[in-house]
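Geometric and topological summary
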Amino acid sequence: MSLPGLDLEKLAGRLGDGPLQAERVEGGRSNLTYIVTDGTSKWVVRRPPLGHVLPTAHDMAREYRVISALKDTDVPVPGTLFLCEDTEVLGAPFYVMEFMPGIPYRNREELGALGAGRTRSIALSLVDTLVDLHAVDPASVGLADFGRPEGYLERQLRRWGKQLDASRSRDLPGIDRLHSRLAERLPKSKDATILHGDYRLDNTLVLDDKINAVLDWEMSTLGDPLADLGLMVAYATREAPDDSVIANVSGAPGYPSTDEVIAHYAQRSGRDVSELDWYIAFNFFKLAVITEGIYYRFSQGKTVGEGFEQVGALVEPVVAQGNATLKEN
């Protein structure tokens, strides 16, 4: 039986020897992911969301390229099988990768069931894997032209400012002040590395308390490595109630403190993290804009699903955390 966005009859012949079955992987809110099997083997198919408009926002070739490039590095990624850019098959470009075992931990309850010791091991493995990613020389894996690292932070700040303007429907105290303070204190970018762009625990698969695969590379590029670390810290220190829209794992017993996460990254990577407050504050701004965008679409009746009615109340606390993190001179 085919699923929306996945025509198994057209996929047959490209995968396996027998009739195909599939299930949609829940959790992602952008590109669509399916597990496909012929009864003997399993694969993962990834394609853009249904009805997407901007091809650059859901670039399958880009995701496929970075995952393929990282195959022989210390970064755990699925093996890639093929990229299909013929839109006659599934209605959009897609790619196929190997199925990787593991669990995507999405909330504190799931981690809490493991106990403090195992939770700590998983969290530190998440940091170690980020260090391994940032240690990869882009040129050595054919990714020297994968992004434009010059001016990366300026472009990011400008982009998310424009995104905020596109989602404005109510007064958000402190958000314009946060944006202007970030612009005033823009740091000098560090040497460029490969960035994941949305690095957090629920974008990985955990097996035996280690990161077995890093997934969801749609935001990847070349840029300042502290942007990845700042986002991971912002996710982990965000003050928000448990909800079905934004994952929160750092409240689980045993999850390392923010200071310990940063120190572990600094010690393992040898990078200077003295300006990390800016990167954390920027990512609070980015998360606030993303969350406000979700609220805006929900308020316009353009988003359906569980938990979205709670989103509006999450924005102001995130903005406040951003301003608090960006300490006064």
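Being a predicted model, the structure only gives us computed values, none of them experimental.

A short note on the side chain of T37
- With respect to the helices and strands, T37 occurs in strand β2 (residues 32-37).
- Since its relative accessible area comes to 18%, T37 is described here as buried.
- Here G39 takes part through its backbone nitrogen, which lies 2.9 Å from a polar atom of the side chain of T37.
- Residues in contact with T37, not counting those within four places in the same chain, are P19, L20, Q21, K42 and W43.

Concerning the pattern of salt bridges
- Applying the stated criterion across every chain, the model contains 14 salt bridges.
- Here R268 ties to D128 by a salt bridge, and the two come within 2.9 Å at their closest N and O atoms. Taken together, the residues R268 in helix α9 (residues 258-269) and D128 in helix α5 (residues 116-135) connect sequence positions 140 residues apart.
- Under the relative-accessibility criterion, R268 is labelled partly exposed at 36%.
- Take D128: its relative accessible area is 22%, and that puts it in the partly exposed class.
- Here D202 ties to R200 by a salt bridge, and the two come within 2.8 Å at their closest N and O atoms.
- Three or more residues joined by partner-sharing salt bridges are found here, namely R46, E63, D216 and E218.

Let's talk about helix α11 (residues 315-325)
- Of the positions making up α11, those classed as buried are V315, V318, V319, Q321, G322, N323 and T325.
- Each element contacted by the buried residues of α11 is listed here: α7 (175-184), α8 (225-237) and α10 (276-299).

Some remarks on the pairing of strand β3 (residues 42-47)
- Taking burial as the measure, the 6 residues of β3 include 5 buried ones, the bulk of the element.
- Bridge analysis of β2 against β3 gives 6 bridges, and the strand direction is antiparallel. Bridged to T33 within β3 is R46.
- Between the antiparallel neighbours β2 and β3 lie 4 residues, among them G39 with a positive phi of about 95 degrees.
- Bridge count for β3 against strand β5 (residues 94-98) is 4 bridges, and the pairing is antiparallel. Bridge pairing in β5 links V45 to V96.

Side note on α8
- Between its terminal C-alpha atoms α8 stretches 19 Å, which fits the 18 Å expected from 13 residues at 1.5 Å a residue.
- Across the 13 residues of α8, 11 count as buried, placing the element largely inside the fold.
- Along α8, the residues classified as buried are P225, L226, A227, D228, L229, G230, L231, M232, V233, A234 and Y235.
- Against the buried residues of α8 lie α5, α6 (152-166), β6 (193-195), β9 (221-223), α9 and α10.
- The distance from a side-chain oxygen at the start of α8 to the backbone nitrogen of L226 is 3.0 Å, and the residue carrying that oxygen is D224.

Thoughts on the sheet that holds strand β4 (residues 80-84)
- Read from one edge of the open sheet, 5 strands run β1-β2-β3-β5-β4, paired in antiparallel fashion. Two strands close off the open sheet at either side, each with one partner strand: β1 (21-24) and β4. Going from strand to strand, the sheet's axes swing by 20 degrees on average, the running direction of each strand aside.
- Sheet strands in contact with helix α2 (residues 60-69) are β3, β4 and β5, and its direction is about 160 degrees off that of β4.

Here's the deal with the confidence of the model for the chain
- Residues at a pLDDT of 70 or more form 90% of the chain, whose mean pLDDT is 88.
- Across residues 240-245, where pLDDT falls below 50, the model places 19 contacts with residues more than four positions away in sequence or in other chains.

Quick word on the environment of Y105
- Along the chain, Y105 falls in the loop between β5 and α4 (108-112).
- In this structure, the C-alpha to C-alpha distance between Y105 and R200, residues 95 residues apart in sequence, is 9.9 Å.
- Beyond its immediate chain neighbours, meaning those up to four positions away, Y105 contacts E110, L111, L114, I122, L201, D202, V206 and V249.

A closer look at the nonpolar core
- Within the largest apolar cluster, 74 residues are counted, with the highest numbers of intra-cluster contacts made by L70, L111, L182, L201, W217 and L229.
- Element by element, the count of residues in this core is highest for α10, at 11 residues.
- Each residue touching L229, except ones within four places of it in the same chain, is listed here: L130, Y265, V273 and L276.
- Among the nonpolar cores identified, the runner-up in size contains 16 residues, and L6, L15, C84 and V89 belong to it.

A look at the packing of α5 against α8
- Where α5 contacts α8, the two axes come as close as 10 Å, and the packing angle between them is 165 degrees. In terms of axis orientation, α5 runs roughly antiparallel to α8. The handedness of the crossing between α5 and α8 comes out as right-handed. Contacts between α5 and α8 involve L126, V127, L130, L133 and H134 on the former and, on the latter, P225, D228, L229 and M232.
- Of the residues contributing to the contact of α5 with α8, the split by class is 7 nonpolar, 1 polar and 1 charged.

Parameters and conventions
Residues numbered from 1 in each chain as written. Predicted model: local features only at pLDDT ≥ 70, side-chain atom pairs only at ≥ 80, totals over all residues. Heavy atoms only, no water. Helix = DSSP H or I, 4+ residues; strand = E, 2+ residues; numbered from the N terminus. Buried < 20%, exposed > 50% of the residue type's maximum accessible area, 1.4 Å probe, protein only. Polar contact = N/O pair within 3.5 Å; in protein donor to acceptor, adjacent residues only side chain to side chain. Contact = heavy atoms within 4.5 Å. Salt bridge = Lys/Arg side-chain N within 4 Å of Asp/Glu carboxyl O. Pairing = 2+ DSSP bridges. Expected span 1.5 Å × (residues − 1). Axes fitted to C-alpha atoms, helices over the stretch in contact; angles between N-to-C directions. pLDDT = per-residue confidence, 0-100. Core = buried A, V, L, I, M, F, W, Y, C linked by side-chain atoms within 4.5 Å. Parallel < 35°, antiparallel > 145°, perpendicular 65-115°, else oblique. Left-handed = near helix turned anticlockwise from the far one by under 90°. Nonpolar A, V, L, I, M, F, W, Y, C, P; charged D, E, K, R; others polar.

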